[in-house]
Amino acid sequence: MSSHREAPEIAKDPVADSSDLYAFVSPDKPDSVTLIANYVPLQLPSGGPNFFEFGDDVRYEIHIDNDGDGHPDVTYRFEFTTEITNPNSFLYNTGPIDSLDSKNWNRRQFYSLTRVTDGREHRLAHKLPCPPCNVGPLSTPKYADLVRQATYTLSTGERVFAGQRADGFFVDLGAIFDLGTLRPFQQLHVAGKKIFKAEGEPVNATDRMNVHSLAVQVPLKQVRRRASRYGPADAASVLGVWTSASRRQVRVLGDRVAQDTSTGPFTQVSRLGNPLFNEVIVPMSKKDLWNSLPPSEDKRFAQFVERPELAALLPALYPDVFPNLDKLNKSKKARADLVAILLTGVPAGLIDGFTNATGDVQADMLRLNTAIPPTKRPDRFGVLGGDLAGFPNGRRVADDVVSIALRAIAGVTVPLVDKTFRPDAAAGAVTPGLSAADVTAPFLANFPYLGTPYDGFNNPPASS
């Protein structure tokens, strides 16, 4: 979670595994949108001697759909190359790394950035250096300085960063996948009755782990569709965002002399739009297929959104706690509220002052209405908490997407489309009990927003 190792095949290929995606109007630069795609999940900080990095044989892309058809209109493409300074050393670095061109740094990674607009490619930058991994206080003594050096403002207006960051996702993974245990929720009293006893406190399973992030901050004027071409002005301000990773179709393994080679066209092996979509909506037998398809094909999976498995599990796991949800499930009515949130966007008129609808095409994308400005006091529950700048209007780094998703599935959002439905008292209290405060590395107030990655010296693996 949100998309860490979420499908059988991509679980074997972490370099191409997209774990989290964020899209939000930049709070410190509201005339721009920030897009962040995380890859290489679940990195233990003590990763030497072969530290984590992007794949030279993977094409990483962040896509933007601004006309609602589920196809990209603007794509930012990242492609990487790795260079070894001293081929006779096994060390990642032979001394402190105090700059991106330090002679002590033995394995360096560079990338090119290409913007693809309506099929036309424009190379924005070539051979931009990534920062090193955060090895430890002797090897990378001033890591924040290295990150600043690796953050670039391009002549075309974009700001870009690619490198290691702290994983900002928070979830009590061990409890949730132990038959849906929600530890703090089980301590609640519903209708005067305690649900039942739960052992232990919530644990953030992804805390003190790192990821590799692709972050780009884009002027809004470069990605919005003109209102005259797309309809009303509010529709023109809505963007659909997803990320994908692709590999060459053929890989030839070499012998002791020849190196491995990859050839043929690129084929998509991973993608991510809304958090938790492939994780808890798509059934196991179809997860790999979902990863290979574009969002425009997501009508194939609409049935699993309309009748999500988790909605049926909640009344079974918590008897007598969700009677209204249980009745709704047994009615076999399609969950139009979830279809709107995940596949089409929320149309105008359901929530005062808010819409992020993109039309009738059913596609899993983060939908961001860029006309809604950042709030000075963000609410972790986003739109459910009355904060229209938060998830599912895009996704900010501190949004509590697990609790929001669980509450929506439990029935909190059904009244948007069915005024006669009354959510169960427990539906608005469902939570794994974690928040951004349970992420040890604090988020940043400015680009690239995710916290400083954990170093291996101060954060050894728990098994040690």
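From a predicted model like this one, the values you see are computed outputs, not experimental measurements.

(A) Quick peek at the overall build of the protein. Summing up its helical and strand segments, the protein has 11 helices and 14 strands in all. What you see for the protein is a C-alpha radius of gyration of 22 Å, in line with the 23 Å of a compact globule of 464 residues. With respect to the principal axes defined by its C-alpha atoms, the protein has extents near 70 × 60 × 45 Å. Burial statistics for the protein: of 464 residues in total, 55% are counted as buried. When contacts within the protein are restricted to residue pairs at least 6 apart in sequence, long-range pairs at least 24 apart make up 66% of them. With the model as given, the accessible surface of the protein reaches about 20,300 Å², and the carbon-plus-sulfur share is 53%. Positive and negative charge centroids in the protein, built from 50 and 52 side chains respectively, lie 2 Å apart.

(B) Summary view of the environment of Asn204. Looking at the element boundaries, Asn204 is found in the loop between β10 (193–194) and β11 (210–219). On a C-alpha basis, the gap between Asn204 and Asp438 in space is 6.6 Å, while along the polypeptide they are 234 residues apart. With near-sequence residues (within four places) excluded, Asn204 lies in contact with Phe169, Phe170, Val171, Leu434, Asp438 and Val439. A polar contact of 3.1 Å, which involves the side chain of Asn204, links it to the side chain of Thr206.

(C) Region of interest: the packing of aromatic side chains. Evaluated as defined, the whole model comprises 11 aromatic pairs. An angle of 45° between the planes, with centres 4.7 Å apart, marks the rings of Phe51 and Tyr92 as tilted. In this pair, Phe51 sits in the loop between β2 (32–43) and β3 (58–65) while Tyr92 sits in the loop between β4 (74–84) and β5 (107–117), placing the two residues 41 residues apart along the sequence. Neither residue differs from the other here; Phe51 and Tyr92 are each classed as buried. Between Phe80 and Tyr111 the ring centres are 5.5 Å apart and the planes differ by 40°, which places this aromatic pair in the tilted class. Linking Phe80 in strand β4 with Tyr111 in strand β5, this pair joins segments that are 31 residues apart in sequence. Across the pair, exposure class does not vary: Phe80 and Tyr111 are buried alike. Ring-pair connections join several aromatic residues into one group, and the members of that group are Tyr39, Phe54, Tyr60, Phe78, Phe80 and Tyr111.

(D) Inspection of the environment of Val223 at higher detail. Within the secondary structure, Val223 sits in the loop between β11 and α3 (227–230). In contact with Val223, other than residues within four places in its own chain, are Val33, Ile64, Asn66, Val74, Val218 and Leu239.

(E) Expanded view of the side chain of Arg395. As for its placement among the helices and strands, Arg395 is situated in the loop between β14 (366–369) and α11 (401–410). There is a polar contact of 2.9 Å between the side chain of Arg395 and the side chain of Asp20. Among all residues touching Arg395, those that are not within four sequence positions of it are Ser2, Asp20, Leu21, Tyr22, Ala23, Phe24, Phe169, Pro275, Leu366 and Val401.

(F) Focus on the pattern of salt bridges. A complete count under the given rule lists 20 salt bridges for this structure. Put simply, Glu61 and Arg77 hold a salt bridge, and the shortest N to O gap is 2.8 Å. Placement of the pair is Glu61 in strand β3 and Arg77 in strand β4, with a sequence separation of 16 residues. We note that Glu61, like Arg77, is buried. Here Glu306 ties to Arg307 by a salt bridge, and the two come within 3.9 Å at their closest N and O atoms. Looking at Arg307, the relative accessible area reads 45%, which means it is partly exposed. Sharing partners across several salt bridges, the network here consists of Asp13, Asp57 and Arg247.

(G) Representation of the pairing of strand β8 (residues 159–166) in the model. With seven of eight residues buried, β8 is to be regarded as a mostly interior element. The hairpin formed by strand β7 (residues 152–153) and β8 contains five residues between the paired strands, and Gly157 there has a positive phi angle of roughly 105°. Sheet topology places β8 next to β11; eight bridges connect them, and they run antiparallel. Following the sheet pairing, Arg165 is matched in β11 by Val211.

Reading guide: rules and limits
Residues numbered from 1 in each chain as written. Predicted model: local features only at pLDDT ≥ 70, side-chain atom pairs only at ≥ 80, totals over all residues. Heavy atoms only, no water. Helix = DSSP H or I, 4+ residues; strand = E, 2+ residues; numbered from the N terminus. Rg over C-alpha atoms; globule rule 2.2 N^0.38 Å. Buried < 20%, exposed > 50% of the residue type's maximum accessible area, 1.4 Å probe, protein only. Contact = heavy atoms within 4.5 Å. Areas by Shrake-Rupley, 256 points an atom, 1.4 Å probe, with all protein chains shown as cover. Lys, Arg positive; Asp, Glu negative; His and termini not counted. Charge placed at Lys NZ, Arg CZ, Asp CG, Glu CD. Polar contact = N/O pair within 3.5 Å; in protein donor to acceptor, adjacent residues only side chain to side chain. Phe/Tyr/Trp six-rings, centres within 6.5 Å; stacked < 30°, edge-to-face > 60°. Salt bridge = Lys/Arg side-chain N within 4 Å of Asp/Glu carboxyl O. Pairing = 2+ DSSP bridges.

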